[in-house]
Amino acid sequence: MKKALIFLAEGFEEMEAVTPLDLLRRAGIDAKFVSLAGTLAVTGSHGITYQADMLFDQSVAEEADMLILPGGMPGSQYLQDNEALGKLLLKFHTEGKFVCAICAAPMVLGQLGILRGKKATIYPGMEDRLTGATPVAEKICRDGNIITGRGPDAAVPFALTLIGALAGQETADKIKGDIVFD
């Protein structure tokens, strides 16, 4: 079974975390919330507290197939400031594993140099944070092992793209039909 980890830091954008988790699980992917907050309870940018499945553990995280960063502020800044997460993202990128971010979170990939020579999208007005990338004004952008999404409006298409990458387009299309997404 494919494994995906969604990293939660205080102030994450709820839609961009919960939607991928829900849809990935519907697709039969072992998806988990990973807390970077030092506690399993993590509060999003709109005051909703979620219970993570686990605290950050480097060795467990290395076994995943995909790392996912939801946006939101100050959550994206906290993701960017986490050195252990940065090292893990670089390792995944070097190994050709999936590194994914939505809304403001692609700035983390830009700062790490992961986006050099790649196309990527980010929340409008933050394009300068895509260091080394060619910014695109699309809801979703996939360039090799990197998948980026523009903002909360892209949460469902982002999740469906993640499913397509891990479980195939047929599975993504089935989930799309199941949730009656146009």
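How each quantity is defined
Within each chain, residues carry numbers counting from 1 in the order of the written sequence. Local features in this predicted model are restricted to residues whose pLDDT is 70 or higher, and side-chain atom pairs enter the listing and the counts only when it is 80 or higher, whereas totals over whole chains, interfaces and linings include all residues. Note that water and hydrogens are dropped before the side-chain values are worked out from all heavy atoms of the structure. Working definition: helices are DSSP H or I runs of at least four residues, strands are E runs of at least two. Numbering for both runs from the N terminus. We call a residue buried when its accessible area falls under 20% of the maximum for its residue type, exposed when it is over 50%, and partly exposed in between, using a 1.4 Å probe and counting protein chains only. Here, any two strands with at least 2 DSSP bridges between them count as paired. Stacked, edge-to-face and tilted labels apply to pairs of Phe, Tyr and Trp rings (six-membered ring for Trp) whose centres lie within 6.5 Å, assigned for plane angles under 30 degrees, over 60, and everything in between, in that order. A ring has a charge above it when a Lys NZ or an Arg CZ is no more than 6 Å from the ring centre and no more than 35 degrees off the ring normal. Note on contacts: a residue pair qualifies if any of its non-hydrogen atoms lie within 4.5 Å across the two residues. Throughout, an axis means a line fitted to C-alpha atoms (over the contacting stretch in the case of helices), and angles, computed between N-to-C directions, take values from 0 to 180 degrees.

**Student:** I would appreciate a short explanation of the environment of D182 in the present structure.
**Tutor:** Tracing the backbone shows D182 in the segment after α7 (169–178). When its relative accessible area of 84% is taken as the criterion, D182 is described as exposed. A sequence separation of 25 residues divides D182 from P157, and the C-alpha atoms of the two residues are 9.9 Å apart.

**Student:** Sorry, what's going on with the pairing of strand β6 (residues 66–69) here?
**Tutor:** If a strand is regular, its side chains alternate between the two faces of the sheet. The alternating pattern of β6 places M66 and I68 and L67 and L69 on opposite faces, both of which are buried. Pairing of strand β1 (residues 3–8) with β6 involves 3 bridges; the strand directions are parallel. Of the residues in β6, the one forming a bridge with I6 is I68. Of the pairings in the sheet, the one linking β6 to strand β7 (residues 98–102) comprises 4 bridges and is parallel in character. Across the sheet, L69 pairs through a bridge with A101, a residue of β7.

**Student:** How should the packing of aromatic side chains be read in this particular structure?
**Tutor:** Each aromatic ring pair is described using two quantities: the centre-to-centre distance and the angle formed by the ring planes. Throughout the structure, instances matching the rule amount to 3 aromatic pairs. Seen from their ring centres, F7 and F56 are 6.0 Å apart, and the 55° between their planes marks the pair as tilted. Here F7, found in strand β1, pairs with F56, found in the loop between β5 (54–55) and α2 (58–61); they are 49 residues apart in sequence, far enough to count as distant. Relative to Y50, the ring of F33 lies with its centre 6.4 Å away and its plane at 75°, an arrangement referred to as edge-to-face. Here F33 is found in strand β2 (residues 30–35), whereas its partner Y50 is found in strand β4 (residues 49–51), with 17 residues between them in sequence. A connected cluster of aromatic rings, assembled from ring pairs, spans F12, F33 and Y50. Over the ring of F92 we find K97, and its NZ or CZ is 4.4 Å from the ring centre.

**Student:** Hey, could you run me through the sheet that holds strand β10 (residues 140–143) in this one?
**Tutor:** Within the open sheet, the 7 strands sit side by side as β5-β2-β1-β6-β7-β11-β10. Their pairing is mixed. The open sheet has two free edges, formed respectively by β5 and β10, since each of these has just one partner strand. Across the sheet, helix α4 (residues 83–95) lies against β1, β6, β7 and β11 (146–149), angled at about 135° from β6, the strand it touches most.

**Student:** For this particular structure, what's the right way to read the environment of K176?
**Tutor:** When you line up the elements, K176 lands in helix α7. With a relative accessible area of 32%, K176 lands in the partly exposed category. The spatial distance from the C-alpha of K176 to the C-alpha of A165 is 14 Å, given a sequence separation of 11 residues. Each residue touching K176, except ones within four places of it in the same chain, is listed here: L160, F181 and D182.

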